[in-house]
Amino acid sequence: YGGAIYASYYGSLLFDGVDLNENSAYYYGGAVYAYYQTDGMIVRNSLITDNEAQNGYGGGIYSYITPLVVEVSEFSWNQAYYSGGGIYQYYGAELALNDSTFDHNTATYYSGGGVYYWPYNTGYNLNALACTFSDNTSRYEGGGLYGLSAEAVQISGTRFWGNELEDASYGGGL
C-alpha cells in the first residue's frame, strides 16, 4: 500500500510542488495510499509520473473516504492492474480536478485509465474544470475518466482526446 506514501486517519494531506516518480505498490496506490483523511487531500503543482499499482487500484493515487482536490498537476504514465491508472477515488468523498493533465495512464483490466471515481453513496460530486485527458487507456469503460453514481458531474473547459478502450465497451474519453 502506497509505494511512496501511506497515510491513514489524518485530518488532512497537502502535496504542493511534489514529484512522485517511479514508485510501486503491490495492491493500492502506486505512489500514494490515502485512507480516511477527514479534511481531505490536496495535490497542487505536483507531478505524479510512472507509478504502478501492480495487482490493484490507483497507479498514481488511491483515495478512500478522502475528499480529493487536484490543482495544476500532471498525472502521466501511471498504471494500475485493475482501475484508476492515474487516480482511484472510492467511497463517500468529492473529487475536484482543476487545470490538470492526465496523459498516458493505464487501467489494465477494468475502468478509468486516467481517473476512476465512484463515491458509492449519493450526495458527492465530480468536477473536472480546465483539464486535459489524453492518450489514456482502460480495458472497459472510461479510457480517460470513469465516473459512477455521482450526485452531480460538472465538466467545463476540459479536453478529451486519444483516449482508448481495449475492449468494445462504453466511453473511450468519458
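Throughout, residues of each chain are indexed from 1 in the direction in which the sequence is written. In view of the model being predicted, local features appear only for residues whose pLDDT reaches at least 70, and side-chain atom pairs are presented and counted only at 80 or more, with totals across whole chains, interfaces and linings using the full set of residues. To get the side-chain values, all heavy atoms of the structure are used, and hydrogens and water are removed first.

Caption draft 1: Seen up close, the environment of Gln37. Examined against the element boundaries, Gln37 turns out to sit in the loop between strand S5 (32-35) and strand S6 (41-44). Only protein chains enter the calculation, and the probe is 1.4 Å; a residue is then buried if its accessible area is under 20% of its type maximum, exposed if over 50%, and partly exposed in between. On the accessibility criterion, Gln37 (0% relative accessible area) is buried. Sequence separation between Gln37 and Ile65 is 28 residues, and the spatial gap between their C-alpha atoms is 7.0 Å. Between two residues, a contact is recorded if the distance between any of their heavy atoms is within 4.5 Å. Filtering out sequence-adjacent residues up to four positions away, Gln37 remains in contact with Ala7, Ser8, Tyr9, Tyr10, Gly11, Leu13, Ile65, Thr66 and Pro67. Labels follow the DSSP assignment, with helices taken as runs of H or I lasting at least four residues and strands as runs of E lasting at least two, numbered in each case from the N terminus.

Caption draft 2: Main features of the side chain of Thr66. Tracing the backbone shows Thr66 in the loop between strand S9 (61-64) and strand S10 (68-71). Within the structure, the side chain of Thr66 is placed 3.3 Å from the backbone nitrogen of Tyr36, a separation counted as a polar contact. Whenever two N or O atoms come within 3.5 Å, that pair is a polar contact, provided that in protein one can donate a hydrogen and the other can accept it, and provided that, for residues adjacent in sequence, both atoms are side-chain atoms. Engagement of the side chain of Thr66 in a polar contact is seen with the backbone nitrogen of Gln37, the distance being 3.1 Å. Sequence-distant contacts of Thr66, that is, excluding residues within four places in its chain, are made with Ala34, Tyr35, Tyr36, Gln37, Gly40, Met41, Gln89, Ala93 and Glu94.

Caption draft 3: View of the nonpolar core. Membership of the largest hydrophobic core comes to 25 residues, with the highest contact counts inside it found for Met41, Val43, Ile87, Leu97 and Val115. Those elements that place two or more of their residues in this core are strand S2 (13-16), S5, S6, S10, strand S14 (95-98), strand S17 (115-118) and strand S18 (125-129). In terms of nonpolar packing, the next biggest core, distinct from the first, is built from 7 residues, Tyr33, Tyr64, Tyr116 and Tyr146 among them. Residues belong to one nonpolar core when they are buried, are Ala, Val, Leu, Ile, Met, Phe, Trp, Tyr or Cys, and are joined through side-chain atoms within 4.5 Å.

Caption draft 4: Spotlight on the sheet that holds S17. In short, DSSP must find at least two bridges between two strands for them to pair. Strand order in the open sheet formed by 6 strands is S1-S5-S9-S13-S17-S21, with parallel pairing between adjacent strands. Two strands lie at the open edges of the sheet, namely strand S1 (5-8) and strand S21 (145-147), each paired on one side alone. Neighbouring strand axes in the sheet, compared pairwise and without regard to direction, differ in orientation by 5 degrees on average. Both S9 and strand S13 (residues 87-90) contribute to a ladder of 4 bridges, which runs parallel. Its bridge partner lying in S13, Tyr64 is registered against Tyr90. Inter-axis angles, ranging from 0 to 180 degrees, are taken between N-to-C directions of lines fitted to C-alpha atoms, where helices are fitted over the stretch in contact.

Caption draft 5: Spatial organisation of the sheet that holds strand S15 (residues 101-103). Taking strand neighbours across the sheet as the criterion, the 6 strands line up as S3-S7-S11-S15-S19-S23 in an open arrangement whose pairing is parallel. Pairing within the sheet leaves two strands with one partner each, and these edge strands are strand S3 (19-21) and strand S23 (159-161). Taken pair by pair, the neighbouring strands of this sheet meet at an average axis angle of 5 degrees, ignoring direction.

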